[in-house]
Each structure stands twice: as C-alpha cells, then as structure tokens.
Amino acid sequence: MSGATAQDDAKRAAADYAASMVEDGTIIGLGTGSTAAHFIDALIERARLGLSILCIPTSERSAERAREGGLALTDFAAHPVIDLAVDGADEIARGTLDLIKGLGGALLREKIVAAAARRFVVIADASKLVDRLGARTPVPVEIDPFGWQTTRDRLARLGATPALRGGETTPTRTDGGNLILDCAFGPIADPAALAARLSATLGVVEHGLFPAMTHLALVADATGVHRHEAG
Ligand code: 5RP
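Being a predicted model, the structure only gives us computed values, none of them experimental.

Enquirer: Tell me about the pairing of strand β11 (residues 179-184), and name the residues and values.
Expert: Taken across its six residues, β11 has five buried, putting it largely inside the fold. Sheet topology note: the strand β9 (residues 139-143)/β11 ladder contains five bridges and is antiparallel. Counted as the bridge partner of glutamate 142 is isoleucine 180 from β11. Alignment of strand β10 (residues 161-164) against β11, held across four bridges, turns out to be antiparallel.

Enquirer: Account for the site of the ligand, with residues named and values stated.
Expert: Neighbouring the ligand are 17 residues, the closest being Ser34, Thr35, Asp90, Gly102 and Lys128. Note that an oxygen atom of the ligand is positioned 2.9 Å from one of the side-chain N or O atoms of lysine 101. Glycine 102 is positioned such that a nitrogen or oxygen atom in its backbone is 2.8 Å from an oxygen atom of the ligand. The cavity where the ligand resides is the largest pocket. Tallied by class, the residues present in the shell around the ligand amount to three nonpolar, eight polar and six charged.

Enquirer: Talk me through unusual backbone geometry; I want residue IDs and the actual numbers.
Expert: With phi around 65°, leucine 97 is a residue other than glycine that occupies positive phi space. With respect to the helices, strands and loops of the structure, leucine 97 is situated in the loop between β5 (91-93) and β6 (99-100). Since its relative accessible area comes to 1%, leucine 97 is described here as buried.

Enquirer: Describe the layout of surface pockets, with residues and values.
Expert: Empty space among the atoms becomes apparent when a probe as large as a water molecule is rolled across them. In this structure, the largest pocket encloses a volume near 180 Å³. Forming the boundary of the largest pocket are 15 residues, of which Thr32, Gly33, Ala89, Asp90 and Gly104 lie nearest the centre. Per-element tally for the lining of the largest pocket: the top contributor is helix α2 (residues 34-48), with three residues. For the lining of the largest pocket, a count of residues per class yields three nonpolar, seven polar and five charged.

Enquirer: Before we move on, can you summarise α2 with the specific residues and values?
Expert: Here α2 spans 21 Å end to end across 15 residues, near enough to the 21 Å set by a 1.5 Å rise per residue. Thr35, Ala36, Ala37, His38, Phe39, Ile40, Ala42, Leu43 and Ile44 are the residues of α2 that are buried. With its phi angle positive at about 120°, glycine 50 sits one or two positions after the end of α2.

Enquirer: For the packing of helix α1 (residues 3-20) against α2, give the residues involved together with the corresponding values.
Expert: At a minimum axis distance of 8 Å, the contact between α1 and α2 shows a crossing angle of 45°. Between α1 and α2, the crossing angle belongs to the class labelled oblique. Between α1 and α2 the crossing geometry is right-handed. Residues Asp8, Lys11, Arg12, Ala15, Asp16, Ala18, Ala19 and Ser20 of α1 form the contact with α2, whose own contacting residues are Ser34, Thr35, His38, Phe39, Ala42, Leu43 and Arg46. Across the contact of α1 with α2, the residue classes tally to six nonpolar, four polar and five charged.

Enquirer: So, the pattern of salt bridges: which residues are in play, and what are the values?
Expert: The full count for this structure, using the stated rule, is 15 salt bridges. Between arginine 12 and aspartate 9 there is a salt bridge, with the nearest N and O atoms lying 3.4 Å from each other. Residue arginine 12 and its partner aspartate 9 are located together in helix α1, separated by three residues, close to a single helical turn. You can call arginine 12 partly exposed: its relative accessible area is 33%. In this structure, glutamate 45 and arginine 48 form a salt bridge, with 3.2 Å as the shortest nitrogen-oxygen distance. Note that glutamate 45 and arginine 48 are positioned in helix α2 at a spacing of three residues, about one turn of the helix.

Enquirer: An account of helix α6 (residues 191-199) is requested, with residue identities and associated values reported.
Expert: Taken together, the buried positions of α6 are occupied by Pro191, Leu194, Ala195 and Leu198. Down the axis, α6 shows its buried residues gathered within 105° of arc, on one side only. Against the buried residues of α6 lie β9, α5 (148-157), β12 (204-207) and β13 (209-210).

Enquirer: I'd like a description of the environment of isoleucine 143, backed by residues and values.
Expert: Mapping isoleucine 143 onto the fold places it in strand β9. Isoleucine 143 gets classed as buried once you look at its relative accessible area, which sits at 0%. The sequence separation of isoleucine 143 and asparagine 178 amounts to 35 residues, and the corresponding C-alpha distance is 5.9 Å. Not counting chain neighbours up to four residues away, the residues in contact with isoleucine 143 comprise Trp148, Thr151, Leu155, Asn178, Leu179, Leu181, Gly203, Val204 and Val205.

About the thresholds
- Position numbers for residues count from 1 along each chain, tracking the sequence in the order it is written.
- Per-residue local features are limited, in this predicted model, to residues with pLDDT of at least 70; the limit for side-chain atom pairs, both in listing and counting, is 80 or more; totals at the level of whole chains, interfaces and linings are taken over all residues.
- Heavy atoms from the whole structure form the basis of all side-chain values; hydrogens and water molecules are not counted.
- The buried label goes to any residue with under 20% of its type's maximum accessible area, the exposed label to any with over 50%, and the partly exposed label to all in between, with areas taken from a 1.4 Å probe on protein chains only.
- Elements are defined by DSSP. Helices are runs of H or I of four residues or more, strands are runs of E of two residues or more, and each kind is numbered from the N terminus.
- When DSSP locates at least two bridges between a pair of strands, those strands are taken to pair.
- Note on terminology: near, applied to a residue and a molecule or strand, indicates that one of the residue's heavy atoms is within 4 Å of it.
- As used in this structure description, the phrase polar contact means that two N or O atoms lie within 3.5 Å; if the pair is within protein, one of them must be able to donate a hydrogen and the other to accept it, and residues adjacent in sequence are counted only when both atoms belong to side chains.
- Using only the protein atoms, space was sampled on a 1 Å grid; points where a 1.4 Å probe fits but cannot get out form cavities, open sets with protein on both sides within 12 Å along at least five of seven lines form pockets, and lining residues are those with an atom within 4 Å of a point.
- Pocket or cavity membership: a molecule qualifies when more than half of its atoms sit within 2 Å of the grid points of that site.
- In this classification, Asp, Glu, Lys and Arg are treated as charged, Ala, Val, Leu, Ile, Met, Phe, Trp, Tyr, Cys and Pro as nonpolar, and every other residue, Gly included, as polar.
- Grid points are joined across faces, edges and corners, and a volume is the space filled by probe spheres set on the points.
- Helix span is expected to be 1.5 Å times the residue number reduced by one.
- Between N-to-C directions, angles cover 0 to 180 degrees, with each direction set by a line fitted to C-alpha atoms, over the stretch in contact for helices.
- Angle categories: roughly parallel below 35 degrees, roughly antiparallel above 145, roughly perpendicular from 65 to 115, and oblique for all the rest.
- Here a crossing is called left-handed whenever its near helix is offset anticlockwise from the far helix by less than a right angle, and right-handed whenever the offset is clockwise.
- In this analysis, two residues are considered to be in contact whenever any of their non-hydrogen atoms come within 4.5 Å of each other.
- Salt bridge, as used here, is a side-chain nitrogen of Lys or Arg placed within 4 Å of a carboxyl oxygen of Asp or Glu.
- This arc is built from the directions going out from the helix axis to the C-beta atoms.

This is the structure in structure tokens:
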C-alpha cells in the first residue's frame, strides 16, 4: 500500500470514528480539509440512514460538500452554540493538544466554530502529532489586505519569516476576502504566549495557533484510532 493511501485510510478511520460519536438532533460544526471532508462524507452516509442533524460549516467548500450530500445547514443566528465541532489539523502537540491549523486557509471560521462548540474534536493521521509545534509547519496568519506589508513587517519583528500565500501577483484570498501570511517561527516554546502576541498585532484578523481548545484528538495509524484526551 502506498504511503499516500495509508495516510488517507488513516484520515478516513479517524473521521469515521468521529462520525460515530454524532448524536441525533445535535448541531455539528464541520471542519475544512481532506480529513474533515471524510467526516462530512461519513455524516452524509449516516444522514441517509436516518440521522437528523444541523451543520455549521467552516468554509464555502465544506458547505458545498455538505449541501450536495443532503446535509441540512444552519447558522449562528439560529444556533449560537454547537454541540460538537470536528476538524482536522496541521500539527497536534502531544499532551497539550495545542494545534496549528489553517494550511487549508479556513482558520478564522474554524476557530469561530471550535470556540462555539461544547466539544471540539480533532481528527488526523499520525503524521500530525508532534512534540513541539512549529518545527516543520509555519503558523498561518490571516490579515486584513489593507497595508498588508506593514502587518508583515510587524510579524517579522515577532521573530517570524512571513510569506504571502499565493505570492504577490496572485495572493490567496480567504472566504472572508483576507490574505494569509505563513509565518515560520521554528519550534514554539510557549504557544499560548505567541498566540497572545499574534492576536495583539495590528492588521492580524486571526492566527492558526489553537492553544487549549481541543477536548479530544482522534489520531489514526495502521493499528487503529487512538484517543488523546486533553490533559
Ligand atoms: C484548514 C485546516 C485543516 O484542518 C488542516 O489544514 C488539515 O488538513 P488535512 O485534513 O487536509 O490534512 O486547518 O484550514
């Protein structure tokens, strides 16, 4: 079996496990990315067998996938509290379950949905587990397009090496119309402290550090799905 297939099988196994936790009559947050797409597909299957849920998606592409599969969508006006939000991650810190998210570009809505959830469950294959966040993955930072160069310079002064996603000619736009700076910090000693500094930086809309938000991580490898509870 190829590495890519084994990795995708692990993503699907974690997603299926999470989908089996979904209870009838609940409000569900739908994440974004390839692992979250497996979760949406698993929910579509369960809904075809009679499960009744309402979903709040974290991106236009997850909304489209859910809608096409027949899942009913809702919004925060009707349901300000989500029972269970399920999403992927780019890095998961062992023990603390702090996260880096946003390589898929949906970090702002992902954080809003996770923060509104009674329970936030992360699903991933085992390659996402790390001892320390940031060693191999930059922190995606969503910024306002106005004066973005000045925001980039402020982030550089925090110790990052910021790169505009998509490049200056064709910059990537988020669903909210913002830009993303991928900020390589190297290994992050104190994710909560860095998160606070990023949040306090002028021009930053939101960042992809998710400290102390995860209740449960379902991490799958060839031996099965492993539960990591927040410590
Ligand atoms: C999107 C995200 C994704 O959850 C993250 O990038 C993981 O993606 P994948 O499941 O495809 O590995 O944060 O903004």
